[in-house]
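The chain contents come next:
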Amino acid sequence: MTKPVFIISTGRSGSTAISNCINLHPNILSLSEFLLSINMNDSGPDPEANNWPGLSLERWDGKQFWDLLSKKEPLNIEPYIKKGVRLKEFLYKISDTSRFNLKTGVPAILAMTLPHISEKPDELYEELESAVTQFPEDRLDRQYRRLFDWLLQRYNRDVCVERSGVSVYFVDRLIDMFPDAKFIFLYRDVRETAMAFNRFQAFKLGTALKKAKEATGEDPTDPNSDASRLGEFKWLHPDYFNLEQFNQYEMPYDVLGESLSSSLISAAKSIGKLPSEQVLHLRYESLIEMPHDQLRRIIQFIQPASSTREEDEKWVKLSASTIRAKPDTWPDLPAEKRKKLEEASEPALKLLEYI
């Protein structure tokens, strides 16, 4: 079975850009947000909860495995989208004729992963269902490899590269399940990563909705709920939602900095135990400053079997043209917030040699 490659990051660190680059290579299959989408906690974005039901060495049959890949639940977020919230990471195109929508729920693997690699994701979804449900009972790590191999044969590729935004939180499980895999450890200045999370509308909305439900016991997305019972979170009710107020909502920078810092340190320790030939350390800032050099490092590390130097160089040139520099914004924070963020981020900043 195939030896996969995993990109490990906190998210908001350039991993989407790398997935998009990898998707341009003729011999590599890019699986974007695959493990995150199928293992996301149903109650919302809480990667620190360590609730990853499909990341173990349990034995599942094909039907159980497909249930994980295809799980869905209705989402009451249409009012927020209509009022300007952008969920650009959600790639499945919902229309009047689409097979799935927000009311039916969109299957996990169809929300982001399949539209990333196919212009006809619904058809690919049906093909996968026919194949996966026939998998024999086996350990989950082998079921994933069967799935990867099926996709590689379907698209005539040599190696698959999986990328999920918050994979630092489950890298230990990936190493247990795939001890022979390769890992690209992607990291960015924690201070700027925290800033990016506070601009990340999908994460912000999920976090705010979850916080409101925990504090009040009310579901803010329910249009029939009593908005007055939401207290300070009344603005999240569909009837009162205001995009400007949402954009001003901030997750505490010190909390973000501490969480991101500790997760990076933990991931670095886990990855540090692997043989050096299985690990590529990739600094986001280096990718921005020297895209051609860093993309060459990436492709040489992945090493698709049938690639030629000419193919790789063509890919490097094309991919480098898609990399965009973004100026740091954390120095513009008010002094007190900046101080708290820097203090919370310091352990990872030192470990990763940013300071």
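Above this text you will find the structure in question.
The model shown is predicted, which means the values in this text are computed figures rather than measured ones. Note on numbering: residues in each chain are counted from 1, in written sequence order. Selection of residues for local features in this predicted model requires a pLDDT of at least 70, selection of side-chain atom pairs for listing and counting requires 80 or more, and totals for whole chains, interfaces and linings are taken over all residues. Side-chain figures throughout are based on the complete set of non-hydrogen atoms in the structure, without hydrogens or water.

> Just checking my understanding: could you explain the nonpolar core for this structure?
For soluble globular proteins, nonpolar side chains are generally found buried alongside one another. Counting residues in hydrophobic clusters, the biggest one holds 89 residues, and the most contacted among them are F34 and Y144. We call a set of buried Ala, Val, Leu, Ile, Met, Phe, Trp, Tyr and Cys residues a nonpolar core when their side-chain atoms join them within 4.5 Å. Burial classification: accessible surface area is computed with a 1.4 Å probe over protein chains only, and a residue below 20% of its type maximum counts as buried, one above 50% as exposed, and the rest as partly exposed. In this structure, I18, I184, I298 and W315 belong to the second largest nonpolar core, which totals 24 residues.

> I tried to follow the environment of H281 on my own but got confused; where do I start?
The residue H281 is located in strand β7 (residues 279-283) in this model. Measuring from C-alpha to C-alpha, the distance between H281 and F34 comes to 21 Å, with 247 residues separating the pair along the chain. In this description a helix means any DSSP run of H or I spanning at least four residues, a strand means any run of E spanning at least two, and both kinds are numbered starting from the N terminus.

> Looking at this model, I keep getting lost on the packing of aromatic side chains. Mind explaining?
For any pair of aromatic rings, the description rests on two quantities: the centre-to-centre distance and the angle between the ring planes. To pair, rings of Phe, Tyr and Trp, with the six-membered ring standing in for Trp, must have centres within 6.5 Å; the planes then decide the type, stacked if under 30 degrees apart, edge-to-face if over 60, and tilted in the middle. Applying the stated criterion across every chain yields a total of 22 aromatic pairs. Ring centres 5.7 Å apart and planes at 75° place the aromatic pair F100 and Y125 in the edge-to-face group. In this pair, F100 is assigned in the loop between α4 (78-82) and α5 (108-111) and Y125 in helix α7 (residues 121-132), connecting sequence segments 25 residues apart. Looking at F100, the relative accessible area reads 7%, which means it is buried. When its relative accessible area of 4% is taken as the criterion, Y125 is described as buried. An aromatic cluster is built from F6, F34, F65, F135, Y144, F148, F178 and F183, whose rings are joined through pairwise contacts. Only Lys NZ and Arg CZ are tested; either one counts as a charge over a ring when it is within 6 Å of the ring centre and within 35 degrees of the ring normal. A cation over an aromatic ring shows up here: R12 above the ring of F200, its NZ or CZ 3.8 Å from the ring centre.

> Explanation requested: the pattern of salt bridges in the structure shown.
Salt bridges are identified by distance alone: a Lys or Arg side-chain nitrogen within 4 Å of an Asp or Glu carboxyl oxygen. Within the structure shown, the criterion is met by 19 salt bridges. The partner of E127 in a salt bridge is R154, and the shortest N-O contact between them spans 2.9 Å. One end of the pair, E127, is in helix α7; the other, R154, is in helix α8 (residues 140-155), and 27 residues separate them in sequence. Judged by relative accessible area, R154 falls into the partly exposed class, the value being 36%. For D189, the salt bridge identified is with R191, shortest N-O distance 2.8 Å. With respect to class, D189 is no different from R191; both count as buried. A network of salt bridges, in which partner residues are shared, links D138, R142 and R146.

> Sorry if this is basic, but what is going on with the side chain of S225 here?
The residue S225 is located in the loop between α11 (201-216) and α12 (243-248) in this model. For S225, a relative accessible area of 14% translates into the label buried. Of note is the side chain of S225, whose polar atom sits 2.7 Å from the backbone oxygen of D222. Those residues in contact with S225, other than ones at most four positions away along the chain, are E218, D219 and H237. For this analysis, a polar contact is any N or O atom pair within 3.5 Å, provided that within protein one partner can donate a hydrogen and the other can accept it, and provided that sequence-adjacent residues contribute only side-chain to side-chain pairs. In this description, contact between two residues means that some pair of their heavy atoms is separated by no more than 4.5 Å.

> How should I be thinking about the side chain of S261 in this particular structure?
One can find S261 in helix α13 (residues 253-272). Once residues lying within four places of it in the same chain are set aside, the contact partners of S261 are V190, A344, S345, P347 and A348.

> What is the right way to look at unusual backbone geometry in this model?
Most peptide bonds take the trans configuration, and most residues that are not glycine carry a negative phi. For R12, which is not glycine, the phi torsion reads 55° and is therefore positive. Position of R12 among the secondary structure elements: in the loop between β1 (5-8) and α1 (15-22). Taking relative accessible area as the criterion, R12 reaches 22% and is therefore assigned partly exposed. Phi at E353 takes a positive value of approximately 65°, unusual for a residue other than glycine. Along the chain, E353 turns up in the segment after α17 (335-351). What makes E353 exposed here is its relative accessible area of 65%.

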